[in-house]
Amino acid sequence: MHAWPASEVPALPGKGRDLQIHDTATQRTITLAPGPVARIYVCGITPYDATHIGHAATYNAFDLVQRVWLDTKRQVHYVQNVTDVDDPLLERALRDGHDWTELAERETALFREDMTALRMLPPQHYIGAVEAIPGIVPLVERLRDAGAAYELDGDVYFSVESDPHFGQVSNLDAEAMRLLSAERGGDPDRPGKKNPLDPMLWMAARPGEPSWDGASLGRGRPGWHIECVAIALDHLGMGFDIQGGGSDLAFPHHEMGASHAQALTGEFPMAKAYVHAGMVALHGEKMSKSKGNLVFVSALRRAGVDPAAIRLALLSHHYRADWEWTDSVLADAVARLERWRAAVSRPDGLSADALVEEVREALSRDLDAPAALAAVDRWVDAQNASDGDDESAPGLVSRTVDALLGVAL
């Protein structure tokens, strides 16, 4: 599966700072100092609907991570999946009378268009669950043969008790986990499971649903969590730098994925940092496909909204914060974009050397994008209030905003 084209990232003078990031697992801010190649895995979409602002906010956060690392003169090895076979996708296709593969392909193509418009840097490996199945089956067999998984009426479940570190990503108690498991795709009340929290690794073929050859597992399809584990281990290996996604993925998805990988390899941890973006609400409730309270990136673009303004709206909130999308959020972003573009359109201006370092510093502190925007605002205000004579300043500001914030002026 192919990703989307990469926009050019301008080179800035000097060198960026190492990233300090909040780690969900330890509940503290840690400094990541990867080697020459930084490794990141971000969980992708289940393509049964278009990209909404909540999606865009999450991918914007991890785009900033990439930009901070690139500014430190590192390479970035970024991997993202597409869950192109799963219950929600099959249910939507059945409801609307569509072929599930065509629905997945159409929505994935629209996602690529949205990411391109928003100048999100693409992953080096963009892998669908279906194409990962040949690598998933052997992992499930290994877990089963090692006693870390068991069969129940033809399905194969992972035993959470096989990983001594289970629970150390989300740090939730058993009751909270059980409630979230039921809410987020698990089946804690299924009779016969060894532990209510045990997640499915391989679902035996169901009538009328797609299935694949699972060798000794029989025909079926993979569970949600093992999909990402297979892709991450194949392309990044254990101990990669960041496992990322929305905060609703901390449990069960990232918790279970970590335990799968740790049980398979005997190594700990799967990722050095588990990083989660906040949720975006609309009319007082979290945006979600199930509720239908969505603002789609593609719809905003069709309405003539500049993608740079959409991106500035996302950047105006800290990535870990829960916030609400409103008309005023977008209007403020449109006005900010106009001010910034007017300021850098002048032939000369005030020196921007300090601004470059301010933006770098803000982003290195747990991706504090609002502080970075405020620094640019101060330069713009000063630029409009006085006459500068630095002919290179407007261009340097434009390159800084592009390279570090992904906004083209």
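Here goes a summary of the coordinates provided. Here the residue numbering is sequential within each chain, running from 1 through the sequence in written order. In keeping with the model being predicted, local features are shown solely for residues with a pLDDT of at least 70 and side-chain atom pairs are shown and tallied solely at 80 or more, while totals for entire chains, interfaces and linings include all residues. The basis for the side-chain values is all heavy atoms of the structure; hydrogens and waters are excluded.

A few words now on the sheet that holds strand β12 (residues 280-282). Spatial ordering of the open sheet is given by β13-β12-β14, a layout of three strands whose pairing is mixed. Looking at the sheet topology across the chains shown, the edges are occupied by β13 (285-286) and β14 (323-324). Two strands form a pair only when DSSP identifies at least two bridges running between them. Numbering of helices and strands runs from the N terminus, with a helix taken as a DSSP run of H or I at least four residues long and a strand as a DSSP run of E at least two residues long. Inspection of the sheet shows β12 paired to β13 by two bridges, in the antiparallel sense. Across the sheet, residue Ala281 finds its bridge partner in β13, namely Lys286.

Right, let's get into the packing of aromatic side chains. Two descriptors summarise a pair of aromatic rings, namely the distance from one centre to the other and the angle between the planes of the rings. Here the aromatic set is Phe, Tyr and Trp, taking the six-membered ring for Trp, and pairing holds for ring centres within 6.5 Å; pairs whose planes are under 30 degrees apart are stacked, those over 60 apart are edge-to-face, and all others are tilted. Counting across every chain of the model gives six aromatic pairs. Judged by centre distance (5.5 Å) and plane angle (85°), the rings of Trp4 and Tyr126 are edge-to-face. Remark: Tyr126 occurs in strand β5 (residues 125-128) and Trp4 occurs in the segment before β1 (19-23); sequence separation between them is 122 residues. Taking 6.1 Å as the distance between ring centres and 85° as the angle between the ring planes, the aromatic pair formed by Trp100 and Trp212 counts as edge-to-face. Linking Trp100 in helix α3 (residues 100-117) with Trp212 in the loop between β8 (200-204) and β9 (220-222), this pair joins segments that are 112 residues apart in sequence.

Moving on, we come to helix α1 (residues 53-71). Between the first and last residue of a helix there are one fewer steps than residues, each counted as 1.5 Å, and that sum is the expected span. Compared with an ideal rise of 1.5 Å per residue, which puts 19 residues at 27 Å, α1 spans 26 Å between its outermost C-alpha atoms and is within 8% of the ideal. Relative accessibility under 20% of the residue-type maximum defines a buried residue, over 50% an exposed one, and the middle range a partly exposed one, all with a 1.4 Å probe and only protein chains included. Burial runs high along α1: 18 of the 19 residues are buried. Of the residues flanking the end of α1, it is Lys73, one or two places downstream, whose phi is positive at about 70°.

Turning next to empty space enclosed by the protein. Think of a 1 Å grid over the protein atoms and nothing else: a 1.4 Å probe that fits but is trapped marks a cavity, an open set flanked by protein within 12 Å on at least five of seven lines marks a pocket, and residues with an atom within 4 Å of a point count as lining. Grid points are joined across faces, edges and corners, and a volume is the space filled by probe spheres set on the points. Applying the stated criterion across every chain yields a total of four cavities of 30 Å³ or more. Considered as a void within the structure, the largest cavity measures approximately 100 Å³ in volume. Residue lining of the largest cavity: 15 residues in total, with Ala57, Asn60, Leu314, His317 and Tyr319 positioned closest to the centre. Mapped onto the lining of the largest cavity, the elements with two or more residues apiece are α1 and α9 (307-315). It is α1 that contributes the most residues to the lining of the largest cavity, five residues altogether. Note on residue categories: nonpolar means Ala, Val, Leu, Ile, Met, Phe, Trp, Tyr, Cys or Pro, charged means Asp, Glu, Lys or Arg, and polar means any other residue, Gly included. For the lining of the largest cavity, the residue count by class is ten nonpolar, five polar and no charged.

Right, let's get into the pairing of strand β7 (residues 155-158). Going residue by residue along β7, you find Asp155 and Tyr157 tucked away on one face and Val156 and Phe158 tucked away on the opposite face as well. As judged from the four bridges shared by strand β6 (residues 149-152) and β7, these two strands associate in the antiparallel manner. Looking at β7, one finds that Ala149 is bridged to Phe158.

For Met279, the location among the structural elements is in the loop between β11 (271-277) and β12. The buried category is assigned to Met279, whose relative accessible area is 17%. On a C-alpha basis, the gap between Met279 and Asp248 in space is 8.0 Å, while along the polypeptide they are 31 residues apart.

Ordered by their spatial adjacency, four strands build an open sheet running β6-β7-β8-β9, and the pairing between neighbours is antiparallel. The sheet terminates laterally at β6 and β9, the two strands that pair on one side only. Each adjacent strand pair in this sheet contributes to an overall mean axis angle of 20°, direction not counted. Bridge analysis of β8 against β9 gives three bridges, and the strand direction is antiparallel. Each bridged residue has a counterpart across the sheet, and for Trp202 the counterpart in β9 is Pro222. To get an axis, fit a line to the C-alpha atoms, keeping to the stretch in contact for a helix; angles then go from 0 to 180 degrees between the N-to-C directions.

With that settled, consider helix α4 (residues 129-145). Helix length check: α4, at 17 residues, gives a terminal C-alpha distance of 23 Å against a target of 24 Å (1.5 Å per residue), a fit within 8%. At Gly135, α4 is bent by approximately 45°, the largest bend along its length, and proline Pro138 sits one to four residues beyond. Turning to α4, its buried residues number three or more, namely Ala129, Ala132, Ile133, Ile136, Val137, Leu139, Val140, Glu141 and Leu143. Of the residues trailing α4, Gly147 is marked for its positive phi of about 85°. Bend at a given residue is defined as the angle between two axes, one fitted to the seven residues that end at that position and one fitted to the seven that begin there.

Moving on, we get to the pairing of β11. β11 sits mainly inside the fold: six of its seven residues count as buried. Note: strand β10 (residues 240-246) against β11, six bridges, orientation parallel. Residue pairing in the sheet places Gly246 in a bridge with Ala277 of β11. Handedness of the β-α-β unit built from β10, helix α7 (residues 250-265) and β11 comes out right-handed. With strands facing away from the observer, any crossover in which the path from the first strand over the helix to the second runs clockwise is taken as right-handed.

With that out of the way, let us pick up the nonpolar core. What makes a nonpolar core is a set of buried Ala, Val, Leu, Ile, Met, Phe, Trp, Tyr and Cys residues whose side-chain atoms join them at distances within 4.5 Å. Among the nonpolar cores identified, the biggest contains 80 residues, and Ile53, Ile242 and Trp325 are the most heavily contacted of them. Look past the residues within four positions of Trp325 in its chain and what remains in contact with it is Ile53, Val280, Ala281, Leu282, Met287, Val295, Leu300, Ala313 and Leu330. Membership of the second largest hydrophobic core comes to 43 residues, among which are Val79, Met177, Ala258 and Ala261. The contact criterion used throughout is that any non-hydrogen atoms of two residues lie within 4.5 Å.

Taken by themselves, the reported measurements are silent on function.
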